Amino acid sequence: MQPIQAVEQPISTLFEPIVGKVKIKTYFSYYAVFANGFMLALYKNNMVFLRASTNSKAEIQQLEGTYPLQDHDVGINTKNFYAMSYKFALETPNFSIWLTSILDELTNQQRLEEEKRKTQVRSLANMNIKMERILKRINIKNVEQFRQKGYMNTFIELIKQGSDRSDVMLFRLHGAIHQKSIYHITHKERLELLKEANQALYNAGLRHRFDIADED
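Each value, and the rule that gives it
- Residues numbered from 1 in each chain as written.
- Predicted model: local features only at pLDDT ≥ 70, side-chain atom pairs only at ≥ 80, totals over all residues.
- Heavy atoms only, no water.
- Helix = DSSP H or I, 4+ residues; strand = E, 2+ residues; numbered from the N terminus.
- Buried < 20%, exposed > 50% of the residue type's maximum accessible area, 1.4 Å probe, protein only.
- Lys, Arg positive; Asp, Glu negative; His and termini not counted.
- Charge placed at Lys NZ, Arg CZ, Asp CG, Glu CD.
- UniProt positions renumbered as here; feature names shortened; annotations may be inferred.
- Domains from an automatic or database assignment.
- Contact = heavy atoms within 4.5 Å.
- Phe/Tyr/Trp six-rings, centres within 6.5 Å; stacked < 30°, edge-to-face > 60°.
- Axes fitted to C-alpha atoms, helices over the stretch in contact; angles between N-to-C directions.
- Left-handed = near helix turned anticlockwise from the far one by under 90°.
- Nonpolar A, V, L, I, M, F, W, Y, C, P; charged D, E, K, R; others polar.
- Pairing = 2+ DSSP bridges.

Going by the annotation in an unreviewed UniProt entry, the name recorded for the protein is DNA transformation protein, with Haemophilus paraphrohaemolyticus given as the source organism.

Here is the structure:
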């Protein structure tokens, strides 16, 4: 396999007028072409294996001599990358359309995924997928529902459901609401939270109480 410098010129000539600066990385025995962090194509022996978008896939499939990339020698078997000669890719005006289409599709997918992650409880401080699943048991399925419920009401509901009754759980929930690591909650703040929790537990008719030995 040649060094990347040996294929930089033809790859740059084909891709950069359309998507701007690209990065080239080795990918098994191929060269992977990246733009804006997305792998858009593979290149090998004057063949371009273009990643097809939902909109371009049918059109690319119908091209004479085009086939999905399957290289059993290195374990690549995909229905998303389609082969075409470098000469064809360079000369057909449709290559620009296909390339722009997949870049737009990947960019939009990333944006939607980022928006979805922001609604997930696991995105908050102190939270993870395990905590997310625990909160789903009390019908808290996203960040907005958690904020509406509040950390104390959430804590009380969890205790009613038989979940962790520790002060750590309380601190994690409080920190998550305020986007604050549990390790940054001061001793004074912890005491105040335990007092607040004891009153909330009493109001809810629950026998569990925190023993606050040091209130100074």
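On we go from here.
Asker: Mind showing me how you'd approach the overall build of the protein here?
Answerer: In terms of helices and strands, the protein carries 9 helices and 6 strands. Its C-alpha atoms put the protein at 80 × 35 × 35 Å along the principal axes. Here the protein holds 216 residues, and 41% of them are scored as buried. Separation between the mean location of the 29 positive side-chain charges and that of the 24 negative ones in the protein comes to 5 Å.

Asker: What's the story with the UniProt feature "domain: TfoX C-terminal" (unreviewed entry) in the protein in this structure? I'm lost.
Answerer: With numbering matched to this structure, UniProt assigns "domain: TfoX C-terminal" (unreviewed entry) to residues 119–196. Across residues 119–196 one finds 60% helix and 0% strand; the C-alpha atoms that close the span lie 27 Å apart.

Asker: Where do I start with the domain arrangement of the protein in this structure?
Answerer: Many structure descriptions define interface size as the accessible area lost when the parts assemble. Each assigned domain of the protein is listed with its residue range as follows: domain 1 (4–117) and domain 2 (121–204). The C-alpha-based centres of domain 1 and domain 2 are spaced at 46 Å.

Asker: Explanation requested: helix H7 (residues 151–160) in the structure shown.
Answerer: Residues lying three or four places apart along an α-helix face the same way, a consequence of the helix completing one turn every 3.6 residues. The buried count for H7 comes to 7 of 10 residues, which makes it a mostly enclosed element. Those residues of H7 that sit buried are Tyr151, Met152, Thr154, Phe155, Ile156, Leu158 and Ile159. At the C-terminal side of H7, glycine 162 shows a positive phi close to 85°.

Asker: Is there a simple way to think about the environment of isoleucine 156 in this case?
Answerer: Looking at the element boundaries, isoleucine 156 is found in helix H7. When the C-alpha positions of isoleucine 156 and alanine 197 are compared, they lie 8.4 Å apart, and in sequence the two are 41 residues distant. If near-sequence neighbours (up to four positions away) are discounted, isoleucine 156 is found in contact with Ala200, Leu201, Ala204 and Leu206.

Asker: Would you mind showing me how to read the packing of aromatic side chains here?
Answerer: Any two aromatic rings considered together are summarised by their centre-to-centre distance and by the angle between their planes. For the structure shown, the criterion picks out 6 aromatic pairs. A ring pair is formed by tyrosine 27 and phenylalanine 28, whose centres lie 5.0 Å apart and whose planes are at 90°; its orientation type is edge-to-face. Taking relative accessible area as the criterion, tyrosine 27 reaches 31% and is therefore assigned partly exposed. With 6.1 Å between their ring centres and 80° between their planes, tyrosine 43 and tyrosine 86 make a pair best called edge-to-face. With a gap of 43 residues between them, tyrosine 43 in strand E3 (residues 38–44) and tyrosine 86 in helix H3 (residues 86–91) connect regions that are remote in the sequence.

Asker: Honestly, the packing of H7 against helix H8 (residues 167–177) in this entry has me stumped. Any pointers?
Answerer: Helices that pack against each other are described as a pair by the angle of their axes relative to one another and the distance between those axes. Two elements in contact, H7 and H8, have axes whose closest approach is 9 Å; the angle formed by their N-to-C orientations is 145°. The way H7 lies across H8 gives a crossing that is right-handed. In this structure, H7 uses Tyr151, Met152, Thr154, Phe155 and Leu158 to contact H8, whose residues at the interface are Met169, Leu170, Leu173, His174 and Ile177. Residue composition of the contact of H7 with H8, by class: 8 nonpolar, 2 polar and no charged.

Asker: It is not clear to me how the sheet that holds strand E6 (residues 76–85) should be interpreted in this structure. Could you clarify?
Answerer: Pairing between the strands of a sheet is mediated by backbone hydrogen bonds and can be parallel or antiparallel. Here 6 strands make up an open sheet; going across it, the order is E1-E2-E3-E4-E6-E5 and the pairing antiparallel. With partners counted over all chains shown, the strands left at the sheet margins are strand E1 (23–27) and strand E5 (68–71), one partner each. The mean angle between the axes of side-by-side strands here comes to 40°, regardless of whether they run parallel or antiparallel. Where strand E2 (residues 30–35) and E3 come together, 5 bridges link them in antiparallel fashion. Bridging from a neighbouring strand, phenylalanine 34 pairs with methionine 39 of E3. The sheet contacts of helix H4 (residues 94–119) involve E2, E3, strand E4 (47–51) and E6, and relative to E3 the element is tilted by about 140°.

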